[in-house]
Amino acid sequence: TLFYIVNCVNTVYANALQAHGYSTFSAVNSIFCVFIFRIIWMQGLYPQCAGLPTYERFFMVTLCFIVSWALRMIVNIIAFGIVRVKYNKGFRRVL
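Residues numbered from 1 in each chain as written. Predicted model: local features only at pLDDT ≥ 70, side-chain atom pairs only at ≥ 80, totals over all residues. Heavy atoms only, no water.

**Focus on a nonpolar patch on the surface**
On the surface, Ile31, Phe32, Phe35, Ile36, Ile39 and Ile40 cluster together into a nonpolar patch covering about 590 Å² of accessible area. Relative to the assigned elements, Phe35 resides in helix 2 (residues 23-44). (Patch = residues over 30% accessible without salt bridge, like charges linked within 9 Å, V, L, I, M, F, W, Y side chains within 5 Å. Areas by Shrake-Rupley, 256 points an atom, 1.4 Å probe, with all protein chains shown as cover. Salt bridge = Lys/Arg side-chain N within 4 Å of Asp/Glu carboxyl O. Helix = DSSP H or I, 4+ residues; strand = E, 2+ residues; numbered from the N terminus.)

Set out below in structure tokens:
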């Protein structure tokens, strides 16, 4: 399913960042996207749909998870791209 693919991509890029020595960034990104973003979503957007039917409120909760995973994936991909460029520049200097 799509959730499994997004989770796999997140795991691969987070582990790649850790392998390049950026484990703190991976952890902070995870904490921000999983905890802080979801708290902001649930405190800011969810109360706005108080008058909606139950299934639409449930959709807002599940959308929170999807958006936080996508945000984490995008940030991990961008960060790994930056780290990879830095790594390649340093590697070329050694040769």
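**What about the side chain of Ser26?**
Within the secondary structure, Ser26 is located in helix 2. When sequence neighbours within four positions are dropped, the list of residues in contact with Ser26 reads Ala14 and Gln18. (Contact = heavy atoms within 4.5 Å.)

**A few points about the environment of Lys89**
You can see Lys89 is positioned in helix 3 (residues 54-94). Taking the relative accessible area as the measure of exposure, Lys89 reaches 49% and is therefore partly exposed. Sequence separation between Lys89 and Ala70 is 19 residues, and the spatial gap between their C-alpha atoms is 29 Å. (Buried < 20%, exposed > 50% of the residue type's maximum accessible area, 1.4 Å probe, protein only.)

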